[in-house]
Amino acid sequence: MQKNPTLSPYRRRSWQAILKPYLFLLPIYVLMVTFKYIPFFNAIIKSFFKWNGGNVNEFIGLKNYTDLLSSRQLGIALMNSLKFCLANIVITLTTPLLAAELLFAVRSRRAQYSVRTMLTFPMVVPGVVVILLWKWILSGDTGLLNSVLESLGLHSLVSPWLGSSKTAFFSIVLVGFPWISGLAFLLYYGGLQSISGELFEAAKIDGANVFQRFFKIDLPLLASQQKLLITLAVINGMQVFEMVFILTKGGPGTATLVPSILLYDSAFSFRKFGYSAAIGVVMFLIIMVVTAINQKFLKSTEPGG
Amino acid sequence: MERRNKRPVDAGAVMSRLLLGLLVALTLLPFYLMLINSFKNETGIVQAPFSLPLPPEVETYAKAWPQVVRPMLNSLLVTAAIIIITCLVSLLAAYAFARFSFFLKEALYFGVIALLMIPGFVLLIPQFIQIVNLGMFDTYWALILVPAAYQVAMGTFLLRSSIEGIPLSLFEAATIDGAGDRHTLKYIVLPMSKPILATVIIMTGLSSWNNYIWPLVASSSEATSQIAVALTSLVRDTYYGKGVLFAGYVCASLPIILLFSFSSKYFIEGLSQGAVKG
């Protein structure tokens, strides 16, 4: 099967050699065109149709978009998304950083390694299992949190955490407490390890205390990690689905409604596929804008990033 | 090494150890509770959720196992297929982008990574419609090929930079020795890309095994049901109650936990690398 002549740089390239790179790209393009690009353009087209996924299929122009933008639901869902993004940002900047600092201060290498492994552990448990465990912890009747409160004699605090519109949102945010296991912790910890030991030595000689060191050395040198993590926190905040779908389905009422739930329900509960496609297009545009802002923010503050 | 010097123990250090210990305990608590309560019946769980299961109920596992074994095998098959397709397809594409120059190269590269940042749910409905049109609804093809179409973008991105990092002299030596693309891929690219391939395999494997939203819409029968979705609809009886659910969760978590305990170094590197490069 060896056809060496085509490899020689001194010959004119044959058709075979010209075509070769494209053959290597054939599989990836078959996959992506079939399952990403065609659906993507289809979604744009279908967003101008009234379509139930079957026999009802008529062109209605911009009606899906005008319906969507005049409905209160989209605004509520986007507001909740924003709240999730903010919660994610606060989380990503606090407990993982605290844990990374505490772990970094541990002197024994061995202990560092095993604690890091333990703190990473939840990342390899299926996300659905984590969510279902928290559903049990937060549930109203026989939930763990409520029975702990009962046994401490705090009957007045017992509450259907996920079932009340006052507490549902914060209950969802609570999932995964203390929110250490994850990328943020690994990046902070890796970042601290890569800071030169001489800096810490110098700080010690100068008599800097732990907090001075943290604000003058650690925090500035972890800035690039923090920027990446904030970007990811925003992207993840806009994509929340599983957690809300499994815990509250967006309820009670619209207390935890997010765009992904709205999109899913429009299609699979109400068979409004065209409307659902329009939600997808709007979300796509919003995410593009947010990503562009993020990129700009990242680039402007991190030359050569 | 200089930080190993013995210093007098001060109160701050003790406090920070205690705080770290507390954070570790809180992080692991839900999983500890899952494990101990998987050996209890409903009454035991409600009355004493924190105490050890003495004597342990094993019947919970007998009730959970038949419900999770089929979805687990299905997920295993789908995960393995997604990993193989992702590695092969991205390796070929990355090789072409890294080694050849051709017309429209960067445009085609952009075409591969452009949709990387689109969240999955935006394409959820159109992809669902596409697999219905292709007659793939409720088949393994849909469960494998659609997630693979996501993973190959990241795979190509990571592998391209790794292949471009291989010294040119190695490729030249191979060409002089008369190696074709197949041999170059097998004896140079593959061995030199092992670390980044490990990253791709771990990321792809974890997200396939844990995938919830796509099987939720693309699969409807027991024959194709996937573990993450099956876990949300486990059937319990009145006596064992949540004990059965916890037993099911433990079964579903075990395969990856076992892999993790044997290769946590790769996992932790893989998990952080994927995101940094992305």
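Every chain is numbered on its own, with residues counted from 1 as its sequence reads. To label them, take the chains in the order written and letter them from A, then take the ligands in the order written and number them from 1. Where totals are concerned, whole chains, interfaces and linings use all residues; where local detail is concerned, this predicted model gives features only for residues with pLDDT of at least 70, and gives and counts side-chain atom pairs only at 80 or more. For side-chain calculations, the full set of non-hydrogen atoms in the structure is used, while hydrogens and water are omitted.

As for the overall build of chain A
Then, in step 1: The numbering of helices and of strands both runs from the N terminus, where a helix is a DSSP run of H or I of at least 4 residues and a strand a run of E of at least 2. Scanning chain A from terminus to terminus reveals 15 helices and two strands.
Then, in step 2: With the C-alpha coordinates of chain A rotated into their principal frame, the extents come out at 70 × 70 × 40 Å.
Then, in step 3: Expressed as a percentage of its 305 residues, the buried residues of chain A come to 48%.
Then, in step 4: Throughout, a contact is declared for two residues whenever any of their heavy atoms are within 4.5 Å. Of the contacts made within chain A by residues no fewer than 6 positions apart, 64% connect residues no fewer than 24 positions apart. Burial classes: relative accessible area under 20% of the type maximum marks a residue as buried, over 50% as exposed, and values in between as partly exposed (1.4 Å probe, protein chains only).

Some remarks on the pattern of salt bridges
Then, in step 1: Basic side-chain nitrogens of Lys or Arg form a salt bridge, by our definition, when they fall within 4 Å of a carboxyl oxygen of Asp or Glu. The full count for this structure, using the stated rule, is eight salt bridges over all chains.
Then, in step 2: Residue Asp-67 of chain A pairs with Lys-63 of chain A through a salt bridge whose shortest N-O separation is 3.0 Å. In this pair, Asp-67 of chain A and Lys-63 of chain A are both assigned in helix α2 (residues 63-70), four residues apart and thus about one turn of the helix distant.
Then, in step 3: We classify Asp-67 of chain A as partly exposed; its relative accessible area is 31%.
Then, in step 4: Asp-237 of chain B is paired through a salt bridge with Lys-63 of chain B; the nearest N and O atoms lie 3.7 Å apart. A residue pair is termed long-range when its members are at least 10 positions apart, and Asp-237 of chain B in the loop between α11 (227-231) and α12 (242-262) and Lys-63 of chain B in helix α3 (residues 59-99) qualify at 174 residues.
Then, in step 5: Asp-237 of chain B sits in the partly exposed class, given a relative accessible area of 28%.
Then, in step 6: Exposure remark for Lys-63 of chain B: the relative accessible area of 33% places this residue in the partly exposed category.

Description of a nonpolar patch on the surface
Then, in step 1: For patch detection, residues must exceed 30% relative accessible area and be free of salt bridges, and they are connected within 9 Å for like charges or within 5 Å for nonpolar side chains (Val, Leu, Ile, Met, Phe, Trp, Tyr). To measure how exposed things are, a 1.4 Å probe is used in the Shrake-Rupley method; for residues, cover is taken only from the protein chains shown. A cluster of nonpolar residues, Leu-29, Tyr-32, Phe-50, Leu-52 and Leu-54 of chain B, forms a patch on the protein surface that exposes about 510 Å² of accessible area.
Then, in step 2: Summarising the element assignment, Leu-29 of chain B is placed in helix α1 (residues 11-37).

Considerations on the domain arrangement of chain B
Residue and element names in this part refer to chain B.
Then, in step 1: Taken as a whole, chain B is organised into domain 1 (2-47) and domain 2 (59-277).
Then, in step 2: A separation of 33 Å is found between the C-alpha centroids of domain 1 and domain 2.
Then, in step 3: In this assembly, nine residues from domain 1 lie in contact with 13 residues from domain 2.
Then, in step 4: Buried surface at the junction of domain 1 and domain 2, summed over both partners, amounts to about 870 Å²; 64% is from carbon and sulfur atoms.
Then, in step 5: Put simply, buried area is the surface a 1.4 Å probe can reach on two separate parts but cannot reach once they are joined, added for both. If you sort the residues of domain 1 by the area they bury against domain 2, Met-34, Ser-38 and Glu-42 come out on top, with a joint share of 56%.
Then, in step 6: Taken together, domain 1 and domain 2 are joined by one salt bridge.
Then, in step 7: The shortest N-O distance in the salt bridge between Glu-42 and Lys-242 comes to 3.1 Å.
Then, in step 8: Under this definition, polar contacts are N or O atom pairs within 3.5 Å; protein pairs additionally need one hydrogen-donor-capable and one acceptor-capable atom, and for neighbouring residues in sequence, both atoms have to be side-chain atoms. In this structure, the connection of domain 1 to domain 2 is made through six residue pairs in polar contact (both at pLDDT 80 or more).
Then, in step 9: For the side of domain 1 that touches domain 2, the element with the highest residue contribution is α1, accounting for three residues.
Then, in step 10: Counted by class, the side of domain 1 that touches domain 2 contains four nonpolar, three polar and two charged residues. Domain extents, as shown, originate in an automatic or database domain assignment. Any residue that is not Ala, Val, Leu, Ile, Met, Phe, Trp, Tyr, Cys, Pro, Asp, Glu, Lys or Arg is counted as polar, Gly included; the first ten are nonpolar and the last four charged.

Digging into the interface of chain B and chain A
Then, in step 1: If you look at the interface, chain B gives 97 residues, while chain A gives 88 residues.
Then, in step 2: The contact between chain B and chain A buries some 8400 Å² in all, and 77% of this surface belongs to carbon and sulfur atoms.
Then, in step 3: Seen at the junction of chain B and chain A, the total is one salt bridge.
Then, in step 4: One salt bridge in this structure joins Lys-20 of chain A and Asp-181 of chain B, with 2.9 Å as the shortest N-O distance.
Then, in step 5: Remark: the boundary between chain B and chain A carries six residue pairs in polar contact (both at pLDDT 80 or more).
Then, in step 6: In terms of residues, the side of chain B that touches chain A owes the most to one element, α1 of chain B, which gives 14 residues.

Regarding the environment of Asp-141 of chain A
All names here are of chain A.
Then, in step 1: Mapped onto the elements of the fold, Asp-141 is located in the loop between α6 (127-138) and α7 (144-151).
Then, in step 2: Assessed through its relative accessible area of 67%, Asp-141 is described here as exposed.
Then, in step 3: Between the alpha carbons of Asp-141 and Val-158 there is a distance of 9.6 Å; along the sequence they are 17 residues apart.

Examining helix α9 (residues 194-210) of chain B
All names here are of chain B.
Then, in step 1: The first and last C-alpha atoms of α9 sit 24 Å apart over 17 residues, in line with the 24 Å expected at 1.5 Å per residue.
Then, in step 2: With twelve of 17 residues buried, α9 is to be regarded as a mostly interior element.
Then, in step 3: Buried within α9 are the following residues: Ile-196, Leu-197, Thr-199, Val-200, Ile-202, Met-203, Thr-204, Gly-205, Leu-206, Ser-208, Trp-209 and Asn-210. Expected span of a helix: the number of residues minus one, times 1.5 Å.

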